[in-house]
Amino acid sequence: MDHQESHTHSSHNHNDCIETALATAETLCLEQGQRLTKVRRRALELIWQSHRPLGAYQLLAKLAEEGFNSAPPTVYRALDFLLAAGLVHKVESMNAYLGCAHADKPHKGYFLICDSCHNVMEFDYQDVHTSLLEKAARHGFELRAETIELTGLCAKCKMASTGANA
Ligand SMILES: [Zn+2]
Ligand SMILES: [Zn+2]
Ligand SMILES: [Zn+2]
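Small disclaimer: the values here were computed from a predicted structure and weren't measured. (Residues numbered from 1 in each chain as written. Chains lettered and ligands numbered in written order. Predicted model: local features only at pLDDT ≥ 70, side-chain atom pairs only at ≥ 80, totals over all residues.)

A.B. asks: Outline the UniProt feature "binding site: Zn(2+)" (unreviewed entry) in the chain, supporting the account with residue identities and numerical values.
C.D. replies: Following the UniProt record, one finds the feature "binding site: Zn(2+)" (unreviewed entry) at Cys 114, Cys 117, Cys 154 and Cys 157. Annotated residues spanning 44 residues; largest pairwise C-alpha distance 8.1 Å, indicating a single compact cluster. Tracing the backbone shows Cys 117 in the loop between β3 (110-114) and β4 (120-122). Of the residues examined, Cys 117 has 15 C-beta atoms within 10 Å and is grouped as partly exposed. Along the chain, Cys 154 turns up in the loop between β5 (148-152) and α7 (155-162). The contact partners of Cys 154, leaving out residues within four places of it in the chain, are Cys 114, Cys 117 and Asn 119. (UniProt positions renumbered as here; feature names shortened; annotations may be inferred. Helix = DSSP H or I, 4+ residues; strand = E, 2+ residues; numbered from the N terminus. Buried ≥ 20, exposed ≤ 12 C-beta atoms within 10 Å, placed from the backbone. Contact = placed C-beta atoms within 7 Å.)

Right, dumping it as structure tokens:
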């Protein structure tokens, strides 16, 4: 996932992120015989407005503004769909949703959360995941859910705070 990490670090053309995410969503839905309905597509697009996770209520408010049927069940069903399809992740500690740039490769969402700009990055999970499974198994524990959310300062904010050649 190096690509993904590098591209939230630096300034980038975020429209590319949005376009790629929507194209991936179309393809995945087609492959899985699912419908990317208008409300699902727009919800995904709104979540992708930035690399900052979006809360369900914020999403609800935006959809309402745009005249969608924004009754909570509609919005929660759309979110459930996007989650199940792997198109978004829930960031538990922020109680908010983040667009996933690697929806075509099923994975756990492990997150680096910037305390300053609130951008969230995913990081490669495989070795951490394997090690957690092993440790849990040593206690005869069957792991079902993992929430790995690390907080700190992203590269950009760190640079701004130290004032180094910013
Ligand atoms: Zn972006
Ligand atoms: Zn992801
Ligand atoms: Zn930051």
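A.B. asks: Describe helix α3 (residues 38-47), listing the residues and the values that go with them.
C.D. replies: Because an α-helix completes one turn every 3.6 residues, residues spaced three or four positions apart along the sequence face the same direction. Within the sequence span of α3, burial applies to Arg 40, Ala 43, Leu 44 and Ile 47. Axial view of α3: buried residues confined to an arc of 100°, hence all on one face. Looking at the buried side of α3, the elements it contacts are α2 (14-31), α4 (56-65), α5 (72-84), β1 (88-91) and β2 (96-99). (Arc of directions from axis to C-beta.)

A.B. asks: Lay out the nonpolar core in plain terms, naming residues and giving numbers.
C.D. replies: The biggest cluster of nonpolar side chains holds 31 residues, and the ones touching the most others in it are Ala 43, Leu 44, Ile 47, Leu 82, Leu 87, Val 88 and Tyr 97. No other element matches α5, which puts 5 residues into this core. (Core = buried A, V, L, I, M, F, W, Y, C linked by C-beta atoms within 7 Å.)

A.B. asks: An account of the packing of α4 against α5 is requested, with residue identities and associated values reported.
C.D. replies: Taken N-terminus to C-terminus, the directions of α4 and α5 make an angle of 115°; their axes are 10 Å apart at the nearest point. You can see that α4 and α5 cross each other, and the crossing is right-handed. The segment α4 lies against α5, with Ala 56, Leu 59, Leu 60 and Leu 63 engaging Pro 72, Val 75, Tyr 76 and Leu 79. Residues of the contact of α4 with α5, tallied by class, amount to 8 nonpolar, no polar and no charged. (Axes fitted to C-alpha atoms, helices over the stretch in contact; angles between N-to-C directions. Left-handed = near helix turned anticlockwise from the far one by under 90°. Nonpolar A, V, L, I, M, F, W, Y, C, P; charged D, E, K, R; others polar.)

A.B. asks: Summarise the packing of α2 against α3; cite the residues concerned and give the values.
C.D. replies: At their nearest, the axes of α2 and α3 sit 10 Å apart, and the two run at 150° to each other. It follows that α2 is roughly antiparallel to α3 by the angle criterion. Between α2 and α3 lies a crossing whose hand is right-handed. Every residue of α3 that contacts α2 at Ile 18, Ala 21, Leu 22 and Ala 25 is listed here: Arg 41, Leu 44 and Glu 45. Partitioning the contact of α2 with α3 into residue classes produces 5 nonpolar, no polar and 2 charged. (Parallel < 35°, antiparallel > 145°, perpendicular 65-115°, else oblique.)

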